[in-house]
Structures are given as structure tokens and as C-alpha cells.
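# Reading the structure
Given next are the chains, with one letter for each unit.
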Amino acid sequence: MPRVDVLELCGRSRVSRADAVKLRESIEAAWHEPDVIEIDFGGVTIASVSFLDEALGLLAKKYPLEVIRKRLKVSRITEQDRKLLNSIMSSRARERDNHLWSGVVGEHTWVADVLWDDGSLLGLRIAPEGSDFQGESAWWDYGLLDFFHWDPAIVPTEVLDKVHEELVRREQKILAQQRKLIEKARAASQDVAESSKTVTLQLETQEEVDAARRLARTGHAMVTGRVAILQTELASPRS
Amino acid sequence: MATTPARIATLPDESTVEYAERVIECCRVLDAAGDDVILNARECATMDAFAIVVLATTLARRRLVSEKATRLDPPRSTDAAKLFNRFRFIDLVAGALPQWEAAESVEGRQLRAHDTDYVERVASAASDVSEKDHADAKFAVNLCLLELLTNAFDHSQSPVGCFVAALREQSDWLHLAVADRGIGIPEALRRSLPPDRLGDRTEADADVVVKAVTNGLTSRKDRAGGLGLGNVRQQVATRGGVLHVIAGTALARFGPDLEVSAITMGTSFAGTVVHAFFDPHRTPVAPTEASEVF
């Protein structure tokens, strides 16, 4: 199993971004090897958001969390650092999930990010790449693909067309995931019409969780049996 | 020949973060003053870590940038005089580097680069109280200090490094403050905007600072970073504490229960000050749920 020793790589310094970059590069160098990559923290407290974000958080912007879970294992990490690291990974994963589309139109590279709430689209931000401010002009209310309010003086029509295409594609993917989830529920139960039957599903991916939450929020309109969404958290990773 | 009277910069009686604007105004007068200026601390009765670091950076900057001396009219109050002595303001005023001695409840230092050993010591001292379990408390203080120092050294371009002060109250609540005299959070973020977003450069400092903490904005072009201040706020606020961030004209307060308030001061601070007031031993309320990746 490829092993990355944090102390050996970074010494006792745990704040240097350069060291964090080295750590991430070591991980990415071993990424495509067949074995799980072990990251050994040596029992030393890190307590640095910047270090952990640079070293590992950026991986969550690149790869889905379920892939990271399968590829990486951490060892000898303190409980406080483990919680901090999970919090950072979740934040970055949300950013990754929020990225919808980017492309060059005219003189600028445009980036579109979405704001989701448990699988429902709340808002859409389209802005030139590198803009960190989320000014009011860049956000639009967007409800269920029915209503779209935009200012053509700010965003070229070509950009909006591409973003819309991507949104439709994404919506179709979510709907497909919901159908799969319902089939999974049906398969797990002999008779979903029995009111006393409780079906417990092991949700494996963040997409399944989002689909389940969406179903719960929309009153499970596509559900023909009585399938109650009781809990929509990912199960703890299997050891 | 008539001489120009010395300018007077007056420290308020309550020189604490709750009266930040008055302390900042005193520092602004020191920044702007010519050769002859008097720091009038006669009426100062109370000081906290915020006032200590802000004043220390101002005096250090004054000496470094312009080699201007400052005369000191020391506090009459015993408590304030003790703090002035403890933090060697007489040396600072004279332009000498202060040797701040660690003590049971008081700690301070001028730093010019990351010093993880120092951070470790401060975190240990702040958290190792009686028989209380201090691992989580030490972690919280460690994290706050490391993030604030990272911001000061990676983003601020401060010519005097930064000043750190930690004061522990009898109740174990901790005042932790870090100040630098760099470009300040609002300017650092504005400089990261592309040229065609000039409109956003007019956004008020207060709004920029709030976004920096709550929205995870970063001046880094590679889109890494931006989580530090938000995490500091979380460590403080979930323990019932209060975080103040002052930069430019912005005075922002982040309290428990997601309270946020921000005003535009009538004065301005050239740099950034962050002051955290919290009990590191308190169990965080409603910790954020995160997907368990590891």
C-alpha cells in the first residue's frame, strides 16, 4: 500500500503551504496505483485549516467524495484533526458539486455555479472566472426550470444557452437517480403497499442522498407505494 | 520662535474591543501625526488584548516607517498601568522591540514569521487550566492562532509582522488578538478582482469583511483558501464567544447563534485586527455535521 508520511515530508512544521502542496502532490502521484493510499499523520496535531485544505481539501474539488473514500485512508490522525479534515472536505465537495459549467465566450472565461438546497435549485451564479464577489447582479432566482430572470447586459446569450443545456442535463441525471432509488426501494421490499413495512436502504453515494432528499421534499410524487424517507445520511464508511 | 504644539492621541478610558472605534481613532491620530506626538493614556482604566495589539502595531509601524518618537503620558489607573508595564509600552514608544514575558494569564509577542512552537505554547497555557480536560480547548486555540497568523503572513504584507496577545480572565474566558499593519482584508480581496469588475471595488469594507468570513472569499487566484476565518468564527461562536474583525473602515462582530453585525466606522485602520473572546473549554454547541470522508 503506498504510504505518505506527513512528518517525514513536512517535518514538525504544519503550516507551510509549500509543504501542504508537497503532500498533495505525493498523493496525486500515487493516485492511479491500484492500492489504497495511506496518509500517516504520525499522531501529531495539525490544527491548521490552511494546511489541511491545501493538502487534501483541494482533492475534494477535483474528485467526488466517494472516490476519495475509496482511494485514501488516514492513520494516526487526532480526533480533532479528523473532524476538521472532514469539515474541510465537505466544504470543498459542496463547491465541487456547485460547479455547473465553464467555458470561453468572447473575451472572458465564464463560470456557472449553482446553489442547491437538498437537491432543489435555489440560485445560479454566472460570472467571469476569477470573480470572487457574489454581487447581486450575478445571482438570479431560478425555480424548477420554469422561471429564469436574467440581464443580457451582463451575461451573453451564448453563455446562458450553454448553462441552460447543462442545467437540463443535470436535472435529467437527478431524475434518473430518483428513479433508480425508487427501484432499489421496491427491490428491497416484497410489498411496499404494506403500511407497516419499513424499508431501510443503504445510501452509497452523495447523489443517492440528494435524490432521496429531493423525493422527500417533493412529497415523493413519483412514488407509487408508501415509501417514507426516514433518514438521508450516508452510512459511515466501511472499515 | 513659536513651536507647533504636539498632537495628542488619546486612549479612551475603556480601551477594549467594545469601544473599538475610539481606540482605532487614537491609532489613526498616531499614524497621521508628525514628529511630536503624545500618547495620552492618563484616563485609560481598562485594556484588553485588542487594544494591546492595535496600539503595539501602531507604535511599531510609526517607528519603523518614519522613525518618529512618541511621548507617553501613562495611565493613572493601577490595572491599566500594570498592563502597560507588562507589555512594555515604554519600550514600544521608544522604538525598541518589546520583550513580552509570558505570565500566568498574559502572553504577547511580535512575530515576523510563523512560529508553531510559540503557538503551541500559547495554546497550552490558555487551555491547561486546573483539572479540566484541555485537548479540545488546546486544539481550538491552536487552530484560531494558526489561521490568524497564516492570514497575517500570507496575505497582509505587513511591514511590522504582526502582534499577538492572549489574556485569560479569572473565569477562564480567553481574549485572543492578532493585529497586522498590512493592506487589510478588503483591499486584499479587491486586488484579486479582474479589471472589468471595477463596480465591485466600491463595495463597503464592512460588506467585504462579512463576506470574507461567511462566504469563504479568498484573494488567492488558484481558488484554494478562504476557509480560515470561517473556521475561526466557528470555533469561537459555537462556544458562545464573540469574534471581532476590524479592517479599513469595517468593524464586524460575529456572535453566537450565527449573529452578524457590521458597521462602517467613522475612522479607519490601516491593517487587520481580529479579536476572539471565548471559553475554549466549553463544549461547542451544534457542531457542524459533515460527511464522514475519513
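Scroll up for the structure.
Below or above, wherever it landed, is the structure these notes cover.

Conventions we followed
- Along each chain, residue indices are assigned from 1 in the same order as the chain's sequence is written.
- Think of it this way: whatever chain is written first is A, whatever ligand is written first is 1, and the rest follow in order.
- Local features in this predicted model are restricted to residues of pLDDT 70 or higher, and side-chain atom pairs are both shown and tallied only at a pLDDT of 80 or more, whereas totals for entire chains, interfaces and linings draw on every residue.
- Processing note: side-chain calculations cover all non-hydrogen atoms of the structure and skip hydrogens and water entirely.
- Note on conventions: DSSP H or I runs of at least 4 residues are helices, E runs of at least 2 residues are strands, and numbering of each starts at the N terminus.
- By this rule the span expected of a helix is its residue count minus one, scaled by 1.5 Å.
- Buried, partly exposed and exposed residues are distinguished by accessible area as a fraction of the type maximum, computed with a 1.4 Å probe on protein chains only: under 20%, between the cut-offs, and over 50%, respectively.
- Relevant arc is that of directions from the helix axis to the C-beta atoms, nothing else.
- What counts as an axis is a line fitted to C-alpha atoms, over the stretch in contact for a helix, and the angles between N-to-C directions run from 0 to 180 degrees.
- We call two directions roughly parallel when the angle between them is under 35 degrees, roughly antiparallel when it is over 145, roughly perpendicular when it lies between 65 and 115, and oblique otherwise.
- Note on convention: the crossing is left-handed when the near helix lies turned anticlockwise from the far helix by less than a right angle, right-handed when the turn is clockwise.
- Contact criterion: two residues are considered in contact whenever any of their non-hydrogen atoms come within 4.5 Å of each other.
- The classification used treats Ala, Val, Leu, Ile, Met, Phe, Trp, Tyr, Cys and Pro as nonpolar, Asp, Glu, Lys and Arg as charged, and all other residues, Gly among them, as polar.
- Residues belong to one nonpolar core when they are buried, are Ala, Val, Leu, Ile, Met, Phe, Trp, Tyr or Cys, and are joined through side-chain atoms within 4.5 Å.
- For two strands to pair, DSSP has to find at least two bridges joining them.
- Only Phe, Tyr and Trp rings are paired, with Trp represented by its six-membered ring, and only when their centres lie within 6.5 Å; those with planes under 30 degrees apart are stacked, over 60 edge-to-face, the remainder tilted.
- In this analysis the charged atom, NZ for Lys or CZ for Arg, is taken to sit over a ring once it is within 6 Å of the ring centre and within 35 degrees of the ring normal.

Residue and element names in this part refer to chain B. Compared with the 16 Å implied by 1.5 Å per residue over 12 residues, the 16 Å span of helix α5 (residues 116–127) between its first and last C-alpha is a close match. Within α5, the full set of buried residues consists of T116, Y118, V119, V122, A123, A126 and S127. Seen along its axis, α5 keeps its buried residues to an arc of 155°; they face one direction.

Now for the packing of helix α6 (residues 135–155) of chain B against helix α9 (residues 228–237) of chain B. Residues and elements named next belong to chain B. Across the interface, α6 lies against α9 with an axial gap of 9 Å and an inter-helix angle of 150°. For the element pair α6 / α9, the angle class is roughly antiparallel. For the pair α6 and α9, the sense of crossing is left-handed. Residues A140, L143, C144, E147, L148 and N151 of α6 lie in contact with α9, whose contacting residues are G228, L229, N231, V232, Q235 and V236. Residues belonging to the contact of α6 with α9 are distributed by class as follows: 7 nonpolar, 4 polar and 1 charged.

Within the largest apolar cluster, 76 residues are counted, with the highest numbers of intra-cluster contacts made by I27, I39, F41, L56, I68, L72 and M89 of chain A. For this core, the element with the highest residue contribution is α6 of chain B, accounting for 10 residues. Among all residues touching M89 of chain A, those that are not within four sequence positions of it are L56, G57, A60, L65 and I68 of chain A together with V293 and F294 of chain B. Formed by 44 residues, the second largest nonpolar core is a distinct cluster that contains V29, V37, I52 and V54 of chain B.

This part covers the pairing of strand β7 (residues 162–168) of chain B. All names here are of chain B. For β7, the buried fraction is high: 7 of the 7 residues fall into the buried class. The two faces of β7 match: C162, V164, A166 and R168 on one face and F163, A165 and L167 on the other face are all buried. Sheet analysis places β7 next to strand β8 (residues 174–180), joined by 7 bridges and oriented antiparallel. By the bridge assignment, C162 is partnered in β8 with D180. The antiparallel hairpin formed by β7 and β8 contains 5 residues in its connecting segment, where D172 sits at a positive phi of about 80°.

On to the packing of aromatic side chains, then. Taken as a whole and judged by the stated rule, the model has 3 aromatic pairs over all chains. For the pair F84 of chain B and F89 of chain B, a centre-to-centre distance of 4.7 Å together with 40° between the ring planes defines the contact as tilted. A single burial state applies to F84 of chain B and to F89 of chain B, both of which are buried. An angle of 45° between the planes, with centres 5.0 Å apart, marks the rings of W173 of chain B and F277 of chain B as tilted. In this pair, W173 of chain B sits in the loop between β7 and β8 while F277 of chain B sits in strand β10 (residues 260–278), placing the two residues 104 residues apart along the sequence. The exposure class assigned to F277 of chain B is partly exposed, which follows from its relative accessible area of 23%. Here the guanidinium or amino end of R71 of chain A rests over the ring plane of W31 of chain A, the centre of that ring lying 5.7 Å away.

Next up on the list: the sheet that holds strand β3 (residues 37–40) of chain B. All names here are of chain B. Ordered in space as β1-β3-β5, the 3 strands form an open sheet in which the pairing is parallel. The open sheet is flanked by β1 (7–10) and β5 (71–73), the only strands paired with a single partner. Between one strand and the next, the sheet's axes are offset by a mean angle of 25°, whatever the strand orientation. Alignment of β3 against β5, held across 3 bridges, turns out to be parallel. By the bridge assignment for β5, L39 is matched with L72.

On to the sheet that holds strand β1 (residues 3–5) of chain A, then. Paired through backbone hydrogen bonds, the strands of a sheet run either parallel or antiparallel to each other. Residues and elements named next belong to chain A. Taken in spatial order, the 3 strands make up an open sheet running β1-β2-β3, and their pairing is parallel. The open sheet has two free edges, formed respectively by β1 and β3 (72–75), since each of these has just one partner strand. Strand-to-strand twist of the sheet, defined as the mean angle between neighbouring strand axes without regard to direction, takes the value 20°.

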